[in-house]
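Structural description and commentary
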Amino acid sequence: MANICVIGTGYVGLVTGTCFSDMGNQVICLDIDKNRIEQLRNGKMPIYEPGLKQIVEQNVEAKRLSFTTSYKEALKNVEFAFIAVGTPSSDNGEADLQYVQMAADSIAKNLDHPIIIVNKSTVPVGTGDWVAEIILDQKNRQTPKFTVVSNPEFLREGSAVNDFMNPDRVVLGSMDQEAAKKVADLYEALRAPIMITDLRTAEIIKYASNAFLATRISFINEMANICESLGADVREVARGMGMDKRIGPSFLDAGLGWGGSCFPKDVKALTHMATTRGAHPQLLQAVMDINQNQRHRAVKKLEKALGTLKGRNIGVLGLSFKPNTDDIRDAPALDIIRMLLKAGASVQAFDPQAMQASKTEISDLVLCQNPYEVAEGADAILLVTEWNEFKSLNFERIKENMRGNIILDGRNIWDPQDMRDKGFQYFGVGIPQPEN
Ligand SMILES: NC(=O)c1ccc[n+]([C@@H]2O[C@H](COP(=O)([O-])OP(=O)(O)OC[C@H]3O[C@@H](n4cnc5c(N)ncnc54)[C@H](O)[C@@H]3O)[C@@H](O)[C@H]2O)c1
């Protein structure tokens, strides 16, 4: 069993630290956010992630998991330091590496014994080498021996613990095969395929994977728009495509497109990496354009159905960028709500986990206690995030509460015929639309 420190206690860091401790390792999680560490020490979760709280509690109780804001304390006696800090987008789309730089600097200043630094943050190709340079570059200090291993993370928010514990593969990249094998040993109990490659290749595997998944979604959304114009049903098209083993069914749900803390910034960062090296990433550009367009199309659809958005009252179901998370980073709902407000509509919304964070972003947003309150006085309802609890609502009650009868189901979760039979003017994405 190993001594591990994990730097950053966000969706990736906290899950990584907790899961490694659950596998029997001694783990200390570090964050520069004092509030976050205080919360964790008091048994409060700074993020919503199903199942996480319980495993954190169990491992804290077993004294395998602890939290600190001190690099000195975190690095004491550890064999592995995982970096899991944020890498958001800069204005030009490039990955902003300031947090990675800060973490590398702090490791360098506090390191007093040999260590393997494992980078879990999604970082541009070449960052592993750059981190090594930062650590070597400490003036007036004899740097202890260290190696950098890239270990991109593929977990999904909403099922992060399960994804971490049951990965499709573990990717490790390093020029030092022995160090990579030591990191591989940490994952052995998970019985997943482990792929060891060079540092740069591991770094780009993460970007390529996210870009490919984003491409599948934009592809099916483009198909959805074509289906709409031709009177076909994209859900059946996706089913028909997905049964082909070469294609497979996942990531073929037409809707309002992707958002969140990863796909948008990673596709942008990959595009930036390519462009600055003279390549022309036309496909990636189209993938982003199609995604942004889905949000505009939703607003246009509502405007067409309502005649105008000015003075209309729109109820929105779902604010987080996808179900089972409280994360609203680049959430389609927020973008769409801003467009609706700009066009003169008022918006009332409900989300099981992301209400306060959304209100902080958009002060004009009216928060409701449940979907039925969202329906009160609404001219139209727009479903943006497909939380399970929205799948079977009491639509008689919804209809009674509404002023109008328009439903735009942005994730195709309800049955169109059933909804029309219940008296709604129902619109989906990529399915035959009612005339209006
Ligand atoms: N969120 C996901 O689903 C996901 C999945 C795979 C990979 N990733 C990648 O993992 C990385 C982390 O993502 P996240 O969503 O967990 O981020 P996050 O924003 O939720 O958390 C990052 C944490 O790092 C802390 N931090 C920043 N600078 C620090 C420093 N110098 N020292 C210590 N702590 C510091 C922040 O306070 C914050 O708590 C990103 O590169 C992301 O692209 C994220």
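Everything here concerns the structure above.
Keep in mind that this is a model prediction, so the values were computed, not measured.

1. Thoughts on the site of the ligand
Around the ligand, the surrounding shell holds 29 residues, and the nearest of these are Asp31, Tyr71, Thr87, Glu157 and Lys265. One nitrogen or oxygen atom from the side chain of Thr87 is found 2.5 Å from an oxygen atom belonging to the ligand. Contributing elements (two or more residues each) for the shell around the ligand: α1 (11-22) and α5 (98-110). For the shell around the ligand, the leading source of residues is α5, giving three residues.

2. Details of the pattern of salt bridges
Going through the model one piece at a time under the given rule, you end up with 20 salt bridges. Arg200 is the partner of Asp129 in a salt bridge, and the nearest nitrogen-oxygen pair spans 3.3 Å. Here Arg200 lies in helix α9 (residues 199-230) and Asp129 lies in helix α6 (residues 127-136), a separation of 71 residues in the sequence. Among the ionic contacts, a cluster of salt bridges with common partners joins Glu157, Asp327 and Arg329.

3. Quick notes on the nonpolar core
Formed by 40 residues in total, the largest nonpolar core has its most connected members in Ile4, Phe20, Phe80, Phe82 and Tyr187. With sequence-adjacent residues up to four places away left out, Phe20 is seen in contact with Ile4, Asn25, Val27, Phe82, Phe164, Leu186 and Tyr187. By size, the runner-up hydrophobic cluster in this structure holds 39 residues, among which are Leu319, Ile328, Val347 and Ala349.

Quick notes on the rules
- Residues numbered from 1 in each chain as written.
- Predicted model: local features only at pLDDT ≥ 70, side-chain atom pairs only at ≥ 80, totals over all residues.
- Heavy atoms only, no water.
- Near = heavy atom within 4 Å.
- Polar contact = N/O pair within 3.5 Å; in protein donor to acceptor, adjacent residues only side chain to side chain.
- Helix = DSSP H or I, 4+ residues; strand = E, 2+ residues; numbered from the N terminus.
- Salt bridge = Lys/Arg side-chain N within 4 Å of Asp/Glu carboxyl O.
- Core = buried A, V, L, I, M, F, W, Y, C linked by side-chain atoms within 4.5 Å.
- Buried < 20%, exposed > 50% of the residue type's maximum accessible area, 1.4 Å probe, protein only.
- Contact = heavy atoms within 4.5 Å.

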